[in-house]
Amino acid sequence: MGSTGGRVSHSVLTHEFRIDAAPEEVFEHLTTPESYVGLSPLVVAVRDVDRSRPGVIRYTAVERFRLLPFLAYDFLTYDNPIDVALHTDGLSVYGEVRSPGRVRMAYRFDLAPDGGGTRVRDRLDLTAPWLVAGFAAGQARKVQLARARILAQRLS
């Protein structure tokens, strides 16, 4: 047992993709908290946006999980509030996500010009208690891949 109070698992998930939009346009979209509603298929709301500290945006995102995803209707859902800190450095957007249940994720989007578009490198460093690590990593990967597709659709 470590200082976290139990066994934890660590996963690194990376995905690289191209978008037919200028890096500045992609950067603007990724630094606007409200853009994450629907950009992450789990995020249904963003609230309490705090831009009071230069270079840092803090907010709460609400993730909605379907508790019985095999049913055709959504009467059983769980809304999971997560604390997000967003930082920028040049054409990079990075930060931390803190979720209930000791699930933590560092994220980073590195943007680079690529012809008339942008090459995006998306990296997630996920730490979670071993009991929920597989679920958390699976959800993070699904969101990561969907985010690439949705971002390309939004900005093309």
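Our subject is the structure that appears above.
Residues numbered from 1 in each chain as written. Predicted model: local features only at pLDDT ≥ 70, side-chain atom pairs only at ≥ 80, totals over all residues. Heavy atoms only, no water.

Considering all chains together, one arrives at 10 salt bridges under this definition. Here Arg18 ties to Asp20 by a salt bridge, and the two come within 2.3 Å at their closest N and O atoms. Of the charged contacts in the structure, one is a salt bridge between Asp79 and Arg64, with a shortest N-O distance of 2.6 Å. Remark: Arg64 occurs in strand 3 (residues 56-66) and Asp79 occurs in strand 4 (residues 77-89); sequence separation between them is 15 residues. (Salt bridge = Lys/Arg side-chain N within 4 Å of Asp/Glu carboxyl O. Helix = DSSP H or I, 4+ residues; strand = E, 2+ residues; numbered from the N terminus.)

Turning our attention to the sheet that holds strand 2 (residues 43-50). Reading across the sheet, the seven strands line up as 1-7-6-5-4-3-2 and stay open at both edges, with antiparallel pairing between neighbours. Two strands in the sheet have a free side with no partner beyond their single neighbour: strand 1 (8-19) and strand 2. Looking at each pair of strands side by side, their axes are set apart by 20 degrees on average, direction ignored. As defined by bridge partners, strand 5 (residues 92-99) adjoins strand 6 (residues 103-114) across eight bridges and the pair is classed as antiparallel. Considered in strand 6, the bridge of Tyr94 is made with Arg108. Sheet strands in contact with helix 1 (residues 23-30) are strand 1, strand 4, strand 5, strand 6 and strand 7 (117-129), and its direction is about 160 degrees off that of strand 6. (Pairing = 2+ DSSP bridges. Axes fitted to C-alpha atoms, helices over the stretch in contact; angles between N-to-C directions. Contact = heavy atoms within 4.5 Å.)

Before going further, it helps to examine the nonpolar core. Side chains of nonpolar character tend, in soluble globular proteins, to be buried together. Counting 37 residues, the largest nonpolar core has Ile19, Val26, Leu30, Tyr59, Tyr107 and Leu151 as the members making the most contacts within it. When residues in this core are grouped by element, the largest group, nine residues, is from helix 3 (residues 130-155). Setting aside anything within four residues of it in sequence, one finds Tyr59 in contact with Pro33, Tyr36, Val46, Arg47, Asp48, Val49, Ile82, Asp83, Val84 and Leu86. (Core = buried A, V, L, I, M, F, W, Y, C linked by side-chain atoms within 4.5 Å. Buried < 20%, exposed > 50% of the residue type's maximum accessible area, 1.4 Å probe, protein only.)

On to the pairing of strand 6. Where strand 5 hands over to strand 6, the hairpin turn is made up of three residues, of which Gly101 adopts a positive phi near 80 degrees. Adjacent in sequence and paired antiparallel, strand 6 and strand 7 are bridged by two residues, among which Gly115 carries a positive phi angle near 65 degrees.

What follows concerns helix 1. Within helix 1, the full set of buried residues consists of Pro23, Val26, Phe27, His29 and Leu30. Buried residues in helix 1, looked at end-on, bunch into an arc of 160 degrees, giving them a common side. (Arc of directions from axis to C-beta.)

Attention now moves to unusual backbone geometry. Of note, the phi angle at Asp48 is positive, near 55 degrees, even though the residue is not glycine. Counting through the fold element by element, Asp48 comes out in strand 2.

Here the focus is the pairing of strand 4. With 11 bridges connecting them, strand 3 and strand 4 associate as antiparallel partners. Residue pairing in the sheet places Ala61 in a bridge with Ile82 of strand 4. One ladder, built from seven bridges, connects strand 4 with strand 5; its direction is antiparallel. By the bridge assignment for strand 5, Leu86 is matched with Gly95.

On to the packing of aromatic side chains, then. Counting across every chain of the model gives two aromatic pairs. Between the aromatic rings of Phe65 and Phe135, the centroid separation amounts to 5.9 Å while the plane-to-plane angle is 50 degrees, which identifies the pairing as tilted. Of the two residues, Phe65 sits in strand 3 while Phe135 sits in helix 3, which places them 70 residues apart along the sequence. Residue classification places Phe65 among the buried positions, given a relative accessible area of 15%. Judged by its relative accessible area of 53%, Phe135 falls in the exposed class. On the numbers, 5.8 Å between centres and 50 degrees between planes, the contact of Tyr107 with Phe109 is tilted. (Phe/Tyr/Trp six-rings, centres within 6.5 Å; stacked < 30°, edge-to-face > 60°.)

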